Amino acid sequence: MKKWTMLLVTTLLVALTLSACGGKKESGGQPAASNAGGSAPAASEGKLYIPIVSKGFQHQFWQAVKSGAEKAAAELGVEITFEGPETEAQVDKQIEMLQAALDKKPAAIGFAALDSQASVPYLEQAQAAGIPVVAFDSGVESQIPVTTAATNNAAASALAAKKMAQLIGDEGEIAMIVHDQTSRTGVDRRDGFKKEIEANHPNIKIVDIQYGGGDHLKSTDLAKAIIQAHPKLKGIFGANEGSAIGVFNAVTELGLEGKITVIGFDSGKQQIEAIKAGKMAGAITQNPVGIGYETVKAAVAAVKGEKVEPIIDTGFFWYDQTNLDNEEIKAALYE
């Protein structure tokens, strides 16, 4: 009886031991890593974490910014995330993303504000927590960001206005479709274009300015309404990718190609193809890859206590049929 009891005990002990060992599979003699519970993978342990909260994802521009940010992150050995709302009209959604990013207690944060004022209380939270903020693409109504990596949008749209004036003989009626009147880019592009026309082109009249939220469908409808209300219209400026495509679509659908001059901002495949075909006069392109790259680079420098310039001008270019193949221009375009 003792033998059988001892044998049973031994068997149970062996089974328990095997069960305990079987909970972790081994590869090359090492236990497999586990990421249960949502903790960061072992490969990212010890890296600086920098969330990048963008204005959106729907335009190719933001994908180009993302690629630049990822390039800098890889070079500098930091971990980033890149996100934005579905459309550039979703200010509340972006604020939720900003709050969620701050809740993760990052080393620093990159932020492109849809509303230059609504985000300020959250940036104050970041400042109180010692989290450096790098603004990109759009600034905010605050001194909290350590820097802003962006295009000089006022100067860029002033150049678009000069080109428009040249193309329409420096006289006539024109209009504007702008993505919004709350972000720094929307305000600066609107005002830069408007001020150049008003100050230096007295024979040109801006008859309407509408806001399409960067949505090409809404911008198309707005542009059609403007054209129908102003039959003498000679040109329309679209202040971002979605706005410009909307204007182009409206002109095309109304059969007015060649009669209304279309000038855009940003690039993207549709704009590039329209310019190649001579259906859109030209556009201003930013340097989106550079914006993303400089944002992450500045964030890392700020975390390390290094000096960061208060403004990082990432540059802009005018492009049209004549210079699309120039290497400098090709490097700044994105499809």
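Everything numeric in this text was worked out from a predicted model, so none of it was measured.

Points about the nonpolar core
Grouped together as the largest cluster of nonpolar side chains are 27 residues, with contacts concentrated most on Ile50, Ile52, Val65, Val78, Ile80, Phe136 and Val296. Elements with a minimum of two residues in this core: strand 3 (49–53), helix 2 (60–76), strand 4 (79–83), strand 6 (133–136) and helix 10 (288–303).

Some points on the packing of helix 5 (residues 153–167) against helix 6 (residues 184–200)
Running from amino to carboxyl end, helix 5 crosses helix 6 at an angle of 40°, the nearest separation of the two axes being 7 Å. One finds that helix 5 runs oblique with respect to helix 6. In the packing of helix 5 onto helix 6, the handedness of the crossing is right-handed. Across the interface between the two elements, Asn153, Ala154, Ser157, Ala158, Ala160, Ala161, Lys162 and Met164 of helix 5 pack against Thr185, Asp188, Arg189, Gly192, Phe193, Glu196 and Ile197 of helix 6.

Brief notes about the sheet that holds strand 7 (residues 147–150)
Taking strand neighbours across the sheet as the criterion, the six strands line up as 4-3-5-6-7-13 in an open arrangement whose pairing is parallel. Two strands close off the open sheet at either side, each with one partner strand: strand 4 and strand 13 (311–313). Shown here is a sheet whose adjacent strand axes are inclined to one another by a mean of 20°, direction ignored. Pairing geometry for strand 7 and strand 13, over three bridges, is parallel. Paired with Thr148 across the two strands is Ile311, which belongs to strand 13.

Digging into the packing of aromatic side chains
In total, this model carries five aromatic pairs according to the counting rule given. Seen in terms of ring centroids, Phe61 and Trp62 are 4.9 Å apart; in terms of plane orientation they differ by 80°. Their pairing is edge-to-face. For Trp62, a relative accessible area of 2% puts it in the buried group. Taken together, a centroid distance of 5.8 Å and an interplanar angle of 65° make the contact between Phe61 and Tyr334 edge-to-face. Of this pair, Phe61 sits in helix 2 while Tyr334 sits in the segment after helix 11 (327–330), placing them 273 residues apart in sequence. The same class applies to Phe61 as to Tyr334, namely buried.

Describing the sheet that holds strand 14 (residues 317–319)
Across the sheet, six strands lie side by side as 9-8-10-11-12-14; this open sheet has mixed pairing. Each edge of the open sheet carries a strand with a single partner, namely strand 9 (204–211) and strand 14. Across this sheet, the average inter-strand angle for adjacent strands is 20°, counted without regard to direction. Relative to strand 11 (residues 261–265), strand 10 (residues 233–238) runs parallel, the two sharing three bridges. Bridging across to strand 11, Ile236 finds its partner in Val262.

Calculation rules
Residues numbered from 1 in each chain as written. Predicted model: local features only at pLDDT ≥ 70, side-chain atom pairs only at ≥ 80, totals over all residues. Heavy atoms only, no water. Core = buried A, V, L, I, M, F, W, Y, C linked by side-chain atoms within 4.5 Å. Buried < 20%, exposed > 50% of the residue type's maximum accessible area, 1.4 Å probe, protein only. Helix = DSSP H or I, 4+ residues; strand = E, 2+ residues; numbered from the N terminus. Axes fitted to C-alpha atoms, helices over the stretch in contact; angles between N-to-C directions. Parallel < 35°, antiparallel > 145°, perpendicular 65-115°, else oblique. Left-handed = near helix turned anticlockwise from the far one by under 90°. Contact = heavy atoms within 4.5 Å. Pairing = 2+ DSSP bridges. Phe/Tyr/Trp six-rings, centres within 6.5 Å; stacked < 30°, edge-to-face > 60°.

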